[in-house]
Amino acid sequence: MSLEQKAKDLAAAIKETEEFETLKSAENRLNLDPTAQDLLQNFQNKQQELQEAQQQGQQIEQEEIQSIQGMQQQMQSNETIKNLMDAQQKFDQVLQEVNQTVLSELQ
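Residues numbered from 1 in each chain as written. Predicted model: local features only at pLDDT ≥ 70, side-chain atom pairs only at ≥ 80, totals over all residues. Heavy atoms only, no water.

Asks: For the side chain of aspartate 33, give the residues involved together with the corresponding values.
Replies: Relative to the assigned elements, aspartate 33 resides in the loop between helix H2 (18–31) and helix H3 (34–55). Arginine 29 provides the closest opposite charge to the buried, unpaired aspartate 33, separated from it by 8.4 Å. In this view, aspartate 33 contacts Asn78 and Thr80; residues no more than four positions away in its chain are not counted. (Helix = DSSP H or I, 4+ residues; strand = E, 2+ residues; numbered from the N terminus. Buried < 20%, exposed > 50% of the residue type's maximum accessible area, 1.4 Å probe, protein only. Lys, Arg positive; Asp, Glu negative; His and termini not counted. Salt bridge = Lys/Arg side-chain N within 4 Å of Asp/Glu carboxyl O. Contact = heavy atoms within 4.5 Å.)

Asks: Explain a negative patch on the surface to me, and be specific about the residues and the numbers.
Replies: On the surface, Glu16, Glu18, Glu19, Glu21 and Glu97 cluster together into a negatively charged patch. Among the elements that line the negative patch, the one with the most residues is H2, at three residues. Mapped onto the fold, glutamate 97 is located in helix H5 (residues 79–105). (Patch = residues over 30% accessible without salt bridge, like charges linked within 9 Å, V, L, I, M, F, W, Y side chains within 5 Å. Areas by Shrake-Rupley, 256 points an atom, 1.4 Å probe, with all protein chains shown as cover. Charge placed at Lys NZ, Arg CZ, Asp CG, Glu CD.)

Asks: Account for the side chain of threonine 80, with residues named and values stated.
Replies: Assignment of secondary structure puts threonine 80 in helix H5. Reaching out from threonine 80, the side chain makes a polar contact with the side chain of aspartate 33 at a distance of 2.7 Å. Setting aside chain neighbours within four positions, we find threonine 80 in contact with Arg29, Leu30, Asp33 and Ala36. (Polar contact = N/O pair within 3.5 Å; in protein donor to acceptor, adjacent residues only side chain to side chain.)

Asks: Which residues make up H3, and what values go with them?
Replies: When the terminal C-alpha atoms of H3 are compared, their 31 Å separation across 22 residues agrees well with the 32 Å that a helix rising 1.5 Å per residue should span. Buried within H3 we find Ala36, Leu39, Leu40, Phe43, Lys46, Leu50 and Ala53. Summarising the axial view, the buried residues of H3 lie within an arc of 160°, below the 170-degree limit, and thus occupy one face. Away from its buried face by more than 90 degrees, H3 exposes Pro34 and Gln55. Two or three places before threonine 35, at the opening of H3, aspartate 33 has a side-chain oxygen 3.2 Å from that residue's backbone nitrogen. Of the residues trailing H3, glycine 57 is marked for its positive phi of about 80°. (Expected span 1.5 Å × (residues − 1). Arc of directions from axis to C-beta.)

Have a look at this one:
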């Protein structure tokens, strides 16, 4: 069996995990919730805007910091986004465990 086929088999096994299924379900719920989509999109846009400003050496105003903090609070109180973030975190843990296992087997 080739290395590529083994990687595909691993991906298939990961897709069968509860964490992957929960993540996909949370993503589907987000797609059905326009309010949550707008909150998330606005936050990501503002976050990118501030990162670009910092990279260009611009000072971030306190008003902008408060604005993005307000967006974070809104997102944390939105169940759809909260569920998505929780699901992403749990799935990331699965991927970290897989990565650690592979790395430990290489030693």
